[in-house]
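# Chain and residue survey
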Amino acid sequence: MNRNLTEDRPTFVTHLECSLTGERYEADQLHGLSRAGRPLLVRYDLEALGEAVSRDTIAARETDLWRWRELLPVRRTESIVSLGEIETPLIPIPRSGGGSVLVKDEGRLPTGSFKARGLVMAVAMARELGVTRIAMPTNGNAGAALAAYAARCGIETVVLCPEETPEINVREIAAQGARVWRVNGQIDECGAIVGRGAAEGRWFDFSTLKEPYRIEGKKTMGLELAAQLGWELPDAIFYPTGGGTGLIGMWKAFDEMERLGWIGSKRPRMYAVQASGCAPIVRAYEAGEEHAARWEDAATVAAGIRVPKAVGDFLILRAVRESGGAALAVGDPAILKAVDDCAKKDGLLLCPEGGATLAAYKQAVRDNLVDEDERVVLFNCATGLKYPMPAADQWLDKDGAIDLGAL
């Protein structure tokens, strides 16, 4: 599909590029994966962009996602769809994490997760390119974000969820207008069904990294971090990794900012965090492999990182290795303990995936991968309010004798 788009917003997109082969693809056309079956990356004329806008200009703008508009792909103002994508805060957790640890709390975004970043951009570009029907597999939060943004601009949406998807996510997706189906399988098996429908022309496939623009939305996490930390990146980032779009996007953002002269060459060590019950990236990293084989019988309380096979596996592994980081796996007991510790000691309710990053950080400190005095950012990818919590079932009888000293 090729449409004439009115360039009424500053945009510097030049082309799209296969992340594996470097093959170029035209901008302003609807694309899925490259001919090599790999994700496409959006490329910009960074020289012209740097002449048009400075980091100081961007820093002076209102702190929302769209402040970065020159580094984003949407051309037409009327294509933008928004639910109020704020800059998320960095929260210290000195008692549960340590004095140098910050949590970037993505649960403050629309629909309560960092999936809003990627899906707002992907939906805006789908709208710009004339897409009218979308389908996507999800473990929960991505489907909720897609449903919300698609409903806002009138795009019909079909969402397939693995049977273990948290109930609140399934109901949230349905409440926001998507046609949602549960599937007796994992997310990649849901993705296979979506792919089959896309091949039959029933919808456009919005699976992770199978369209080019979710990465562009997710890279705003890296852009924000740089601005929030005075244009100097942290020593390490711990990122909950399923499909890995955000990790890939941040690595891309760091490269673009350095080429613009907005930051130096320093990079954070990137730690891809997975659950030990579903750790294909960790296994590939430890084996020195470039691609990760499917993880069979995936199981973890952290539903968002229960991804047995990621199409962008080589991009995740490349960023981890180039940064001097690592791929780390933590067990469900450690995840749940980290969630409990952070809530009780620092008052911040993490989601299980966010708990995984705190557990992995503590493990990394014990293993001397990270020093306690290094500046570290953990990503809490969603509000903990979406997840089951331990029971609190103590009762008082208002009409009975109450020993207040025992309370």
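Read on for an overview of the structure. Keep in mind it's a predicted model, so treat the numbers as computed, not measured.

How each quantity is defined
Residues numbered from 1 in each chain as written. Predicted model: local features only at pLDDT ≥ 70, side-chain atom pairs only at ≥ 80, totals over all residues. Heavy atoms only, no water. Helix = DSSP H or I, 4+ residues; strand = E, 2+ residues; numbered from the N terminus. Rg over C-alpha atoms; globule rule 2.2 N^0.38 Å. Buried < 20%, exposed > 50% of the residue type's maximum accessible area, 1.4 Å probe, protein only. Contact = heavy atoms within 4.5 Å. Areas by Shrake-Rupley, 256 points an atom, 1.4 Å probe, with all protein chains shown as cover. Lys, Arg positive; Asp, Glu negative; His and termini not counted. Charge placed at Lys NZ, Arg CZ, Asp CG, Glu CD. Pairing = 2+ DSSP bridges. Right-handed = clockwise from strand over helix to strand, strands pointing away. 1 Å grid on protein atoms, 1.4 Å probe; cavity = no way out; pocket = protein on both sides within 12 Å on 5 of 7 lines; lining within 4 Å. Points joined across faces, edges and corners; volume = space filled by probe spheres on them. Nonpolar A, V, L, I, M, F, W, Y, C, P; charged D, E, K, R; others polar. Phe/Tyr/Trp six-rings, centres within 6.5 Å; stacked < 30°, edge-to-face > 60°. Lys NZ or Arg CZ within 6 Å of the ring centre and 35° of its normal. Axes fitted to C-alpha atoms, helices over the stretch in contact; angles between N-to-C directions. Parallel < 35°, antiparallel > 145°, perpendicular 65-115°, else oblique. Left-handed = near helix turned anticlockwise from the far one by under 90°. Core = buried A, V, L, I, M, F, W, Y, C linked by side-chain atoms within 4.5 Å. Expected span 1.5 Å × (residues − 1). Arc of directions from axis to C-beta.

Of the regular secondary structure elements, the chain holds 13 helices and 13 strands. Compactness check: the chain gives a C-alpha radius of gyration of 21 Å against a globular reference of 22 Å for 407 residues, within 12% of the reference. With the principal axes as the frame, the chain shows a C-alpha extent of 75 × 45 × 45 Å. Of all 407 residues assigned to the chain, the portion counted as buried reaches 58%. Counted over contacts in the chain with a minimum sequence separation of 6, partners at least 24 positions apart contribute 71%. If you sum the accessible surface of the chain, you get close to 16,500 Å²; carbon and sulfur atoms cover 48% of it. The centroid of the 48 positive side-chain charges in the chain is displaced by 3 Å from the centroid of its 57 negative side-chain charges.

On to the pairing of strand S7 (residues 156-162). For S7, the tally of buried residues reaches six of seven residues, placing the bulk of the element in the interior. Relative to S7, strand S6 (residues 133-137) runs parallel, the two being bridged by five bridges. Of the residues in S7, the one forming a bridge with Ala 135 is Val 158. Assessed by its sense of winding, the connection that carries the chain from S6 through helix H4 (residues 141-153) to S7 is right-handed. Bridging between S7 and strand S8 (residues 179-183) involves five bridges; their strand directions are parallel. Pairing of Cys 161 across the sheet is with Arg 182, part of S8. The handedness of the S7 to S8 crossover, carried by helix H5 (residues 167-175), is right-handed.

Here the focus is empty space enclosed by the protein. Tallying each qualifying case throughout the model produces two cavities of 30 Å³ or more. In this structure, the largest cavity encloses a volume near 60 Å³. Lining the largest cavity are 13 residues, with Leu 30, Leu 129, Phe 204, Glu 211 and Tyr 213 sitting closest to its centre. Ranked by the residues each element gives to the lining of the largest cavity, the list is headed by helix H3 (residues 115-128), at three residues. Split into classes, the residues belonging to the lining of the largest cavity amount to ten nonpolar, two polar and one charged. The computed volume of the second largest cavity comes to approximately 40 Å³. Lining the second largest cavity we find Val 13, Leu 16, Ala 27, Asp 28, Val 42, Pro 73, Arg 75, Met 125, Glu 128 and Tyr 213. Where the lining of the second largest cavity is concerned, the elements lending two or more residues are strand S1 (13-18) and H3. For the lining of the second largest cavity, a count of residues per class yields seven nonpolar, no polar and three charged.

A few words on the sheet that holds strand S2 (residues 24-25). Consider a sheet: its strands pair through backbone hydrogen bonds, and that pairing is either parallel or antiparallel. Across the sheet, which stays open at both edges, the three strands sit in the order S2-S1-S3 with antiparallel pairing between neighbours. Pairing within the sheet leaves two strands with one partner each, and these edge strands are S2 and strand S3 (40-44). As paired elements, S1 and S3 share five bridges and run antiparallel to each other. Counterpart to Cys 18 in the pairing with S3 is Leu 40.

We describe a pair of aromatic rings using the distance from one ring centre to the other and the angle between the two ring planes. According to the stated counting rule, one finds eight aromatic pairs in the structure shown. Pairing Phe 114 with Tyr 239 gives two aromatic rings, centres 5.8 Å apart and planes at 35 degrees, and the pair type is tilted. Pair noted here: Phe 114 is in the loop between strand S5 (101-105) and H3 and Tyr 239 is in strand S10 (residues 236-240), with a separation of 125 residues, a long-range link. The class of Tyr 239 is buried, set by a relative accessible area of 2%. The cationic tip of Lys 218 hangs over the ring face of Phe 114; the distance from NZ or CZ to the ring centre is 4.2 Å.

Attention now moves to the packing of helix H9 (residues 245-260) against helix H11 (residues 313-323). Running from N to C, H9 and H11 cross one another at 50 degrees; their axes reach a closest spacing of 9 Å. For the element pair H9 / H11, the angle class is oblique. In this structure, H9 meets H11 at a crossing whose hand is left-handed. Packed against H9, whose contacting residues are Leu 247, Ile 248 and Trp 251, the element H11 presents Leu 315, Ile 316, Ala 319, Val 320, Glu 322 and Ser 323 at the interface. Along the lines of polarity and charge, the residues of the contact of H9 with H11 split into seven nonpolar, one polar and one charged.

Counting residues in each nonpolar core, the largest one holds 99 residues, and the members touching the most others are Leu 146, Phe 206, Ile 237, Met 250, Phe 254 and Trp 262. Here the element with the most residues in this core is H3; it accounts for nine residues. Aside from chain neighbours lying at most four places away, what touches Leu 146 is Leu 119, Val 123, Ile 134, Met 136, Thr 157, Val 159 and Phe 206. If you look at the next biggest cluster of nonpolar residues, it comprises 29 residues, including Ile 305, Leu 350, Ala 359 and Ala 364.

Given 3.6 residues per helical turn, the α-helix brings residues three or four places apart onto the same face. Between its first and last C-alpha, helix H12 (residues 332-346) extends 21 Å over 15 residues, near the 21 Å set by a 1.5 Å rise per residue. Residues Ile 335, Ala 338, Val 339, Asp 341 and Cys 342 constitute the buried set of H12. Each buried residue of H12 lies within a common arc of 165 degrees when the element is viewed along its axis, so the set occupies one face. Set apart from the buried face of H12 by more than 90 degrees, the exposed residues are Pro 333, Lys 337 and Lys 344. Close packing links the buried residues of H12 with strand S11 (269-275), strand S12 (326-330) and helix H13 (352-366). Gly 347 sits one or two positions beyond H12 and adopts a positive phi of about 75 degrees.

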